[in-house]
Amino acid sequence: MIRMRGVGRRFGTFEALRNVDLDVAAGEVVVLLGPSGSGKSTLIRCINHLEEYDSGDVFVGGVRVERGPNLLKVRQQTGMVFQSFNLFPNHTVLDNVALGPVRVKGLTWEAARTKARALLDRVGIGSQAEKYPGQLSGGQQQRVGIARALAMEPRILLFDEPTSALDPEMVGEVLQVIRSLAHSGVTMVLVTHEMGFARQVADRIVFMEAGEIREVSTPAAFFSGTANERARAFLDAVL
Ligand code: ADP
Ligand code: MG
């Protein structure tokens with residue numbers, strides 16, 4: 001579903017990503033771990049072209065990720081959930097979810113809102129549909145963010161630290177929603193600092209450092225300390 005080959009990204013002379021190779025199979029859940037600044041966000045953003053890469057190749061569902069006609073095909077297959085929710089404050093919760101299908105998929109508002117209601121129910125906030133994002137808790141807002149991503153019926157869901165901006169008591173409700181999506185057939189790439197969750201939900205752990213993938217392993221291997229020394233040092237620091 002996702003194929004990255006020799007992917008590099010520079011900012012000036014600084015290499016944020018270096019020679020990244022990664023394959024993600026359909027339905028697989030890959031968790032990216034690594035210290036701050038290691039390139040996790042840059043990698044995930046290269047998958048849907050929110051960030052440009054300047055060497056190598058990225059393919060999503062066989063389509064090369066690049067400017068031009070391919071971009072819409074890539075964006076139609078991917079949904080992204082951001083740390084900071086990025087909801088539209090002047091639209092209701094319902095319309096935040098309905099807007100994408102209206103604009104990108106050409107649904108009528110009526111059809112899009114019907115679908116949006118079902119998705120809000122699915123993430124447990126159906127009763128909040130007529131409110132505005134600012135009236136919701138952080139955990140509820142992020143669940144709207146997830147419903148919004150799902151509304152596009154993506155084959156790939158990208159999550160960049162979806163719980164990092166939440167108060168601790170709201171982390172669980174969002175992780176529960178993500179957990180329910182994992183292994184539902186959708187392909188997921190997820191950056192998180194929630195190690196227990198990573199261990200539960202990942203099919204594979206990808207460990208990054210200094211712009212490079214340093215280790216790819218099963219959660220069991222990664223968390224049992226058979227991981228390489230750098231990964232162990234990272235775990236010692238965060239656990
Ligand atoms: P992570 O998500 O693992 O914390 P990032 O992918 O955000 O890391 O960033 C990797 C490195 O690239 C960091 O050192 C960051 O400062 C740098 N970087 C990211 N985006 C930009 C940018 N737009 N301009 C300059 N440097 C950037
Ligand atoms: Mg980041």
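Summary of the structure given here. Because the structure is predicted, anything quoted here is derived from the model rather than measured.

**Here's the deal with the overall build of the protein**
Item 1. In terms of regular secondary structure, the protein is built from nine helices and ten strands.
Item 2. Expressed as lengths along the three principal axes of its C-alpha atoms, the size of the protein is roughly 55 × 45 × 35 Å.
Item 3. The buried share of the protein, taken over its 239 residues, is 41%.
Item 4. Long-range pairs, those at least 24 residues apart, make up 64% of the contacts in the protein between residues at least 6 apart in sequence.

**Brief notes about the nonpolar core**
Item 1. In terms of nonpolar packing, the biggest core is built from 69 residues, with Val31, Leu32, Ile47, Val97, Leu120, Ala147 and Val189 touching the most fellow members.
Item 2. By residue number, the principal contributor to this core is helix α5 (residues 138-151), which donates six residues.
Item 3. Leaving out residues up to four positions away in the same chain, Leu120 has contacts with Val93, Leu94, Val97, Ile125, Gly126, Ala129 and Ala147.

**Remarks on unusual backbone geometry**
Item 1. Unlike most non-glycine residues, His49 shows phi in positive territory, near 65°.
Item 2. Relative to the helices and strands, His49 resides in the loop between α1 (40-47) and β4 (55-60).
Item 3. His49 sits in the partly exposed class, given 18 other C-beta atoms within 10 Å.
Item 4. Phi at Phe85 is positive, roughly 65°, even though this residue is not glycine.
Item 5. The topology assignment puts Phe85 in the loop between β6 (78-81) and α3 (93-105).

Definitions and cut-offs
Residues numbered from 1 in each chain as written. Chains lettered and ligands numbered in written order. Predicted model: local features only at pLDDT ≥ 70, side-chain atom pairs only at ≥ 80, totals over all residues. Helix = DSSP H or I, 4+ residues; strand = E, 2+ residues; numbered from the N terminus. Buried ≥ 20, exposed ≤ 12 C-beta atoms within 10 Å, placed from the backbone. Contact = placed C-beta atoms within 7 Å. Core = buried A, V, L, I, M, F, W, Y, C linked by C-beta atoms within 7 Å.

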